[in-house]
Amino acid sequence: MSTREETYYLVSKDYSEIIKILSSNELANLLNVKRESLSYKLVKIKDFNGFPIAQE
C-alpha cells in the first residue's frame, strides 16, 4: 500500500506566517511516529510545541 506525499506547514501561533514547510515523511520524523500512523496522530494533536500544523 502506497502513501501519498502531502505538504504540511508549521505556522505561527496567530497563523500569520509559515515557519516551516514539511513533507509527510519529515513531519512523521519530527513527531516521532511512523509515516503510516501520521494521519491518526494528527487527529489527536493539532500542534507541535505550541505551533499549529496546517495541511495543504
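This section reports on the structure supplied with the text.

Moving on, we come to helix α1 (residues 24-31). Owing to its 3.6 residues per turn, the α-helix aligns residues three or four sequence positions apart on the same side. The complete set of buried residues in α1 reads Ser24, Leu27, Ala28 and Leu31. The arc enclosing the buried residues of α1, seen along the axis, measures out at 100°, which places them on a common side. Where α1 is buried, its residues contact β1 (7-11), β2 (18-23), α2 (38-44), β3 (47-48) and β4 (51-55). Taken from the residues just after α1, Asn32 is the one with a positive phi, measuring 60°.

Further remarks concern the packing of aromatic side chains. The final tally for this structure, using the stated rule, is zero aromatic pairs. Note that Lys13 overlies the ring of Phe51, its terminal NZ or CZ placed 5.2 Å from the centroid.

Cut-offs and rules
- Residues numbered from 1 in each chain as written.
- Predicted model: local features only at pLDDT ≥ 70, side-chain atom pairs only at ≥ 80, totals over all residues.
- Heavy atoms only, no water.
- Buried < 20%, exposed > 50% of the residue type's maximum accessible area, 1.4 Å probe, protein only.
- Helix = DSSP H or I, 4+ residues; strand = E, 2+ residues; numbered from the N terminus.
- Arc of directions from axis to C-beta.
- Contact = heavy atoms within 4.5 Å.
- Phe/Tyr/Trp six-rings, centres within 6.5 Å; stacked < 30°, edge-to-face > 60°.
- Lys NZ or Arg CZ within 6 Å of the ring centre and 35° of its normal.

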